[in-house]
Structures are given as C-alpha cells and as structure tokens.
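Below are the chains, spelled out letter by letter.
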Amino acid sequence: MEVSEIRKKIEAYKNEGKRLFTTSSFQTHSIPMLHILSNIDNSIPVYFINTGYLFPETISFRDEIASLLGLTIVDLKPNTPKYMQRESNGKLLFTTDPDHCCYLNKTQPMESVLASHDIWINGVRGDQSAVRKAMKVEQPAPFDSIRFHPMLDWDNRKIFAYNKEHKLPKHPLDAKGYISIGCEPCTRKMDLDMQEREARWFGLNKVECGLHTDLVK
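Residues numbered from 1 in each chain as written. Predicted model: local features only at pLDDT ≥ 70, side-chain atom pairs only at ≥ 80, totals over all residues. Heavy atoms only, no water.

Chemist: Looking at this structure, I do not really get the overall build of the protein. What am I missing?
Modeler: The helix and strand tally for the protein stands at seven helices and six strands. Counting from the amino terminus, the protein carries its helices and strands in the arrangement α-β-α-β-α-β-α-α-β-α-β-β-α. At 17 Å, the protein has a C-alpha radius of gyration in line with the 17 Å of a compact globule built from 217 residues. Each principal axis of the C-alpha atoms in the protein carries an extent, and together these give about 55 × 40 × 35 Å. Counting only residues that meet the buried cut, the protein has 51% of its 217 residues in that class. Carbon and sulfur atoms provide 51% of the accessible area of the protein, an area that totals close to 10,800 Å². Of the side-chain charges in the protein, 29 are positive and 28 negative, and the distance between the mean point of each set is 1 Å. (Helix = DSSP H or I, 4+ residues; strand = E, 2+ residues; numbered from the N terminus. Rg over C-alpha atoms; globule rule 2.2 N^0.38 Å. Buried < 20%, exposed > 50% of the residue type's maximum accessible area, 1.4 Å probe, protein only. Areas by Shrake-Rupley, 256 points an atom, 1.4 Å probe, with all protein chains shown as cover. Lys, Arg positive; Asp, Glu negative; His and termini not counted. Charge placed at Lys NZ, Arg CZ, Asp CG, Glu CD.)

Chemist: Explanation requested: the nonpolar core in the structure shown.
Modeler: Nonpolar side chains in soluble globular proteins tend to end up buried together. In terms of nonpolar packing, the biggest core is built from 34 residues, with Ile-10, Phe-26, Leu-34, Ile-65, Leu-71 and Ile-121 touching the most fellow members. Residue contributions to this core peak at six residues, all from helix H2 (residues 31-41). For Ile-121, the residues in contact, after removing those within four places along its chain, are Ile-10, Leu-20, Phe-21, Thr-22, Thr-23, Met-33, Leu-37, Ile-44, Phe-148 and Pro-150. Listed in part, the 10 residues of the second largest apolar core include Leu-76, Met-110, Val-113 and Leu-114. (Core = buried A, V, L, I, M, F, W, Y, C linked by side-chain atoms within 4.5 Å. Contact = heavy atoms within 4.5 Å.)

Structure below.
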C-alpha cells in the first residue's frame, strides 16, 4: 500500500470508532510504518513486547525512535515470571522449548491487548517468510479483532528507500551484521546464504514466534 492509502484506511477505521493499536519490534525495517503512523496519529498506542531477553541496543533504539517520532509506547511484559519459565530440570524454556517460551513471552501477553482493541496495525511483509506471504491486507484475529497489514507488499528495497528519504536512524546492531533481531538468546548474525528469518532460532525448524500464526484466523 502507498502512504496515501494507509492514511485513508486509518482515517476510515477511526471514523468508524474503531480502537486501534500497533506493535513494533523496533528493528530498522520497522521504522517506516512507525514514521507513517506518527504522521497520521501519534496517539495510536505502540505496544512493545518486552520479553526480558531483548538486546539492550533494542531498548535504547526504542527510546530513540519514541522520542524522535513522539510515539505513545506501552511496555508489554509477560504474565509469567522468568523463575516459572523453566522445565523440570531447571533449564530456561528458550533452551529446550522455544515455542512455549515464545508463547509465554510474546503471544499470551498480546491476547489481552487484542481483547481490548478492534484493529491491530501490523507491519508484516510478504517477503519475510512463506507464512507472511500467504497473508492478506486485512485478516480476522482472535477476540473479533482485525489485523491490518499495510506493509504487506513492501520489500527491503522500498524500506531502505523510505528510511533514506526521511533520514531515519538504523538499529545499532545492523552495522554488526544482525538483520532479523529478536531475543538475544535466539538471534544470530546473518550469513550470506541465509534467508532473513533464518537468523532467528538458528538450527531449529522454526521461523515464527507465534504472533503471526496463533494470533490470526
């Protein structure tokens, strides 16, 4: 979607009295959508899923972007404390059951947000994974909410051009070879022969955390 189309759609949702929110991982490729939304309505809450395992550089970058764009950030933390996120032998779940770890730290906390809003403005792109390529611009989600994917047809080239045009900053880990940045234990630097999402949960049959598989209908 072009920026003018995104604006028109957001305004239509607002005129219908819909309760809107967005989420962001605050990676470099996330910033164009936040910039676009900030120019439409910067009071739309931006939920930041703070798993407790994020790189400190991500936290700093979130604060930098929030200040730059005047965003309304809501820090969303897990319902289950870390001392309860262990298997029977005491190991933290990300070492033995990353799917359940993602559920507790990302998917479960989002359920209450969906239950209290109507529209989830979500920045997934079709070029990121097969799961995302199969998505539609508008899709139903749990609790009678709707997922709106305005960036679905954007690609890395368009993201780069937008960031360059608007002189938007980059995530500090980009320069160190990180392309897809999530939780620190489950993120590695990108190799030349890897797809973007393969830098996450390397060596596992896993490219999604559950936000875009469990929280969509």
